[in-house]
Amino acid sequence: MYTCQGKIIQPGLAIGPIKILSSGSGISVSPVAIEDVEAEIGRFRNARFTATDELRTLSEKALADVGKSGSAIFEAYMLLLADEEYIVAVEKNILANHVNAEYAIDETSRELEAVFSAIDDEYIRARAVDMRDISSRLIRILSGQKNEPGYAKDLTQPVILYADELSPVDILQLNRNMLLGLVTRSGSTNSHAAILARSLEIPALFGIETDRLSDMIPAALDAYLGTLTIDPDRETLRMLEQKKQSLAHQNRLLQELKGQPSVTKDGHFISLYANISGQNGAENALSNDAEGIGLLRTEFLYLESADYPSEETQFQAYKKVAETMAPRKVIIRTLDIGADKQTGYFKLKKEENPALGLRGIRVCLTRPQLFKTQLRALYRAGVYGQIAIMFPMITSVEELVSIKKIAAEVRLELSEEKIPYQEPEMGIMIETPAAVMISDLLAGEADFFSIGSNDLTQYTLAIDRQNESLDAFYDPHHEALLRMLRLVTENAHKANIRVGICGELAADQSLTETFLRMGIDELSVSPSQILPLRRKIRETDLSHYN
Ligand code: PEP
Ligand code: MG
């Protein structure tokens, strides 16, 4: 028995055999001298057409299975496949070296992969995986194999899948009924694969470094603790089985709380909303009985695209969430890009201190056209449900005044164009100490507050959220933060506006009673946390404080 620790991508439990997924096309590529280079370039071109067709089909399947976030991945692949620089590089290789297309593709892709992998940006590094997938696909097509590699459909028994690194295509092509869990040796928590693993709710760990695995070896995955136990002994299996049963039992009990109000024993109500990223999250939120959406992180739309998402794309995405959740409220946060959330086409400059840099509302206010496109989409989607908009990273009243000016221009444009829209509530995130200290002034300008405890902890305690070595110092229970939360709530209530918490702290049950006593009006947590939190609220009795 041997236990290793990895990064938790999606919590869950699994017991089963390991299936090792071999990477790449599985086809070995060696150079073959070519006489007719023009014909070879023709083979490359035809393979590209076939690959594009395959990707289009996969994109449609992904759209149906996981929504826009899944299909966008394949659209990005198609763009990469049509990239002029890539095509020219492969063709040049064939022409200059008189080699077969397979070899030229393999060589070029390896070079590009190395370039992407060396860039100090997780998002771009993840593109190396995309490049590998495209190259494997083309080589497979050129080799005459019509179907995807066998592993995609050949899982005949439930397994815990292990791969060096999983591409999104690998995940989407798997037979999910046969999939107990996913484990990889490497892969960033921001990669497409991680995003998909999360949205599919398959227990997943990344970063399991071990050479003790072999095909079909028994394993136990505890993606709550972040452990993979290889060849577990009877006692480990018994404990995990027990944990599974107890979780299943708790889950059954939790289901009984659906439709019940989130109210304390002594009659104190609080709203329980869900945090979601993609448009599909709304269905998950509903099935967990969310009373609304407290935070829709719209960066997802931008990070999953190869270029700025159009007003129409955004409108459709927001409309779908609004309609799915109606008549419940949906609080949509405007783009919070920058810092750890980067995407190439924004061309944001590399910064010395990205967390203190051009991010959130600062990007939107310096690029008003980008901001207007999103606001137009949001105003239009407002017709289809109860949308509220909120703005991230606010530090001053002046920012709010500028936002309102741009919003007024958007309304005027829409009216002039006779495009129907609905004026939503406009709130702000309180996630900087500055916003806390002037929350009395901001309350006069905002329709509601939502406390972003993740960033508020980072900025108050001077701790970079991204820095793993500071984990031990990251203390969201710090008295400084609790005092801030109290001050913000008092100032919100003096101005008769609602205040919620949408950072991770909202789900921290050791503070639920404190939040209720403070008078927080809304807690917004990941969908799977809603019912456990409702149970906690319903077990709480504040009467002895009165
Ligand atoms: C927060 O900072 O608490 C928050 C909810 O925003 P994000 O985690 O997306 O920065
Ligand atoms: Mg934040």
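Residues numbered from 1 in each chain as written. Chains lettered and ligands numbered in written order. Predicted model: local features only at pLDDT ≥ 70, side-chain atom pairs only at ≥ 80, totals over all residues. Heavy atoms only, no water.

Enquirer: What exactly am I supposed to notice about helix 13 (residues 368-381) here?
Expert: Every α-helix carries 3.6 residues per turn, so stepping three or four residues along brings you back to the same face. With 14 residues, helix 13 ought to run about 20 Å at 1.5 Å a step, and its terminal C-alpha atoms sit 20 Å apart, in line with that. The buried count for helix 13 comes to 11 of 14 residues, which makes it a mostly enclosed element. Within helix 13, the full set of buried residues consists of Leu370, Phe371, Lys372, Gln374, Leu375, Arg376, Ala377, Leu378, Tyr379, Arg380 and Ala381. (Helix = DSSP H or I, 4+ residues; strand = E, 2+ residues; numbered from the N terminus. Expected span 1.5 Å × (residues − 1). Buried < 20%, exposed > 50% of the residue type's maximum accessible area, 1.4 Å probe, protein only.)

Enquirer: Explain unusual backbone geometry to me, please; I cannot follow it from the model alone.
Expert: What you tend to see is this: most non-glycine residues have negative phi, and most peptide bonds are trans. With an omega dihedral of 10°, the bond running from Ala326 to Pro327 counts as a cis peptide bond. Structurally, the position occupied by Pro327 is in the loop between helix 11 (311-325) and strand 11 (329-333). Backbone geometry at Asp231 places phi at a positive 50°, although glycine is not the residue there. Within the fold, Asp231 resides in the loop between strand 8 (227-230) and helix 8 (234-255). On the basis of relative accessible area, Asp231 is assigned to the partly exposed category, the value being 41%. The phi dihedral of Asp289 is positive, around 65°, even though this residue is not glycine. In this structure, Asp289 sits in the loop between helix 9 (281-287) and strand 10 (292-297).

Enquirer: Can you help me understand the site of ligand 1 in this one?
Expert: With respect to spatial proximity, 15 residues lie near ligand 1, and among them Arg297, Arg333, Gly452, Asn454 and Arg465 are the closest. At 3.0 Å, a side-chain N or O of Glu431 approaches an oxygen atom of ligand 1. Between ligand 1 and the protein, one listed contact pairs an oxygen atom with a backbone N or O atom of Asn454 at 2.7 Å. Surface burial for ligand 1 is 98%, taken as the share of its 290 Å² of free accessible area covered by protein chains. (Near = heavy atom within 4 Å. Polar contact = N/O pair within 3.5 Å; in protein donor to acceptor, adjacent residues only side chain to side chain. Areas by Shrake-Rupley, 256 points an atom, 1.4 Å probe, with all protein chains shown as cover.)

Enquirer: Would you mind showing me how to read the coordination of the magnesium ion (ligand 2) here?
Expert: Taken together, the protein ligands of the magnesium ion (ligand 2) are Glu431 (OE) and Asp455 (OD), with distances of 2.1 to 2.2 Å. Taken together, the positions of Glu431 in the loop between strand 13 (425-430) and helix 15 (433-437) and Asp455 in helix 17 (residues 453-461) put the pair 24 residues apart, joining distant regions of the chain. (Donors = N, O, S within 2.8 Å, 3.2 Å for Na, K, Ca; no water.)

Enquirer: Teacher, can you tell me more about the packing of helix 17 against helix 18 (residues 479-494) here?
Expert: Packed helix pairs are specified by the crossing angle of their axes together with the interaxial distance, meaning the distance between the axes. Running from N to C, helix 17 and helix 18 cross one another at 125°; their axes reach a closest spacing of 10 Å. Taken as axis vectors, helix 17 and helix 18 run oblique relative to one another. For the crossing formed where helix 17 meets helix 18, the hand is right-handed. Packed against helix 17, whose contacting residues are Leu456, Thr457, Thr460 and Leu461, the element helix 18 presents Ala480, Leu481, Met484 and Leu485 at the interface. Tallied by class, residues from the contact of helix 17 with helix 18 come to six nonpolar, two polar and no charged. (Axes fitted to C-alpha atoms, helices over the stretch in contact; angles between N-to-C directions. Parallel < 35°, antiparallel > 145°, perpendicular 65-115°, else oblique. Left-handed = near helix turned anticlockwise from the far one by under 90°. Contact = heavy atoms within 4.5 Å. Nonpolar A, V, L, I, M, F, W, Y, C, P; charged D, E, K, R; others polar.)

Geometry only, nothing functional implied.
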